[in-house]
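# Descriptive analysis of the structure
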Amino acid sequence: FGEHGWDLGTVAVGLRECQGVPADEIHRWFARFLLEGKVLTGLQNLTAKLNDAPAIITRKAAAGKVALLVAALGEAGIDSANTLRRHWAEVNDKFLMSIVKKWTKKEHMKDAKQIWINTVKDNVKIWNETKALV
């Protein structure tokens with residue numbers, strides 16, 4: 001770095017910590033990573049059952065199902081695995097299910113629903129176990 005050529009290590013910084021990043025952008029990236037199975041490993045098998053690649057969430061203007069997903073996350077203040085787990089456990093365990101159906105290929109609806117239900121159930125359990133430790 002600089003005229004001395006010092007080697008500076010990489011530092012991971014969450015989007016929330018970056019000034020000037022709109023909340024919409026934070027929720028878009030979270031939504032994309034959620035549907036790609038990068039937030040909750042239980043959703044990794046869901047990606048192949050979707051009718052569009054989650055990458056469209058961060059590439060296109062928010063319209064249709066992208067807007068619904070991003071808006072739902074934003075309104076609920078969800079931008080991490082923990083805030084999603086808490087919401088499922090304490091507010092609504094069906095949160096996002098109807099929106100994810102819009103992302104799912106009709107022929108995979110039953111499998112996708114089961115993946116979603118199992119993931120919610122597993123993550124509510126994780127939340128409750130974590131909460132009990134505190």
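Our subject is the structure that appears above.
## Quick look at the overall build of the protein
- Of the regular secondary structure elements, the protein holds 6 helices and 0 strands.
- Reading the helices (α) and strands (β) of the protein from amino to carboxyl end gives α-α-α-α-α-α.
- Burial status across the protein gives 37% buried among its 134 residues.
- Intrachain contacts of the protein at a sequence separation of at least 6 include 65% that bridge at least 24 residues.
- As displayed, the protein offers around 8500 Å² of accessible surface, 53% of which is attributable to carbon and sulfur atoms.

## Topic: the packing of aromatic side chains
- In total, this model carries 2 aromatic pairs according to the counting rule given.
- With a centroid separation of 5.5 Å and an interplanar angle of 45 degrees, the aromatic rings of Trp29 and Phe33 are classed as tilted. Remark: Phe33 and Trp29 occur in helix α1 (residues 23-35); sequence separation between them is 4 residues, near one turn of the helix.
- Ring centres of Trp88 and Trp116 lie 5.7 Å apart, and the angle between their planes is 90 degrees; this geometry places the pair in the edge-to-face category. Here Trp116 lies in helix α6 (residues 109-133) and Trp88 lies in helix α4 (residues 81-90), a separation of 28 residues in the sequence.
- You can call Trp88 buried: its relative accessible area is 2%.
- Residue Trp116 is classed as buried on the basis of its relative accessible area, which comes to 2%.
- Sitting above the plane of the Trp103 ring, Lys65 keeps its charged end 4.6 Å from the centroid.

## Digging into the environment of Leu68
- Note on placement: Leu68 falls in helix α3 (residues 65-76).
- Look at Leu68 and you get partly exposed, because its relative accessible area is 41%.
- C-alpha separation for the pair Leu68 and Lys102, spaced 34 residues apart in sequence, amounts to 9.7 Å.
- Beyond its immediate stretch of four places on either side in the chain, Leu68 contacts Ile99 and Lys102.

## Brief notes about the pattern of salt bridges
- Under the counting rule described, the total for this entry stands at 5 salt bridges.
- Of the charged contacts, one joins Asp52 and Lys65 as a salt bridge, the two residues approaching to 2.5 Å between their closest N and O atoms. Taken together, the positions of Asp52 in the loop between α1 and α2 (56-59) and Lys65 in helix α3 put the pair 13 residues apart, joining distant regions of the chain.
- The class of Asp52 is partly exposed, set by a relative accessible area of 33%.
- The exposure class of Lys65 is buried, given its relative accessible area of 16%.
- Residue Lys94 is joined to Asp93 by a salt bridge in which the shortest nitrogen-to-oxygen separation is 3.7 Å.
- Bridged by salt links that share partners, the residues Arg32, Glu36 and Lys38 form one connected network.

Reading the values: the criteria
Residues numbered from 1 in each chain as written. Predicted model: local features only at pLDDT ≥ 70, side-chain atom pairs only at ≥ 80, totals over all residues. Heavy atoms only, no water. Helix = DSSP H or I, 4+ residues; strand = E, 2+ residues; numbered from the N terminus. Buried < 20%, exposed > 50% of the residue type's maximum accessible area, 1.4 Å probe, protein only. Contact = heavy atoms within 4.5 Å. Areas by Shrake-Rupley, 256 points an atom, 1.4 Å probe, with all protein chains shown as cover. Phe/Tyr/Trp six-rings, centres within 6.5 Å; stacked < 30°, edge-to-face > 60°. Lys NZ or Arg CZ within 6 Å of the ring centre and 35° of its normal. Salt bridge = Lys/Arg side-chain N within 4 Å of Asp/Glu carboxyl O.

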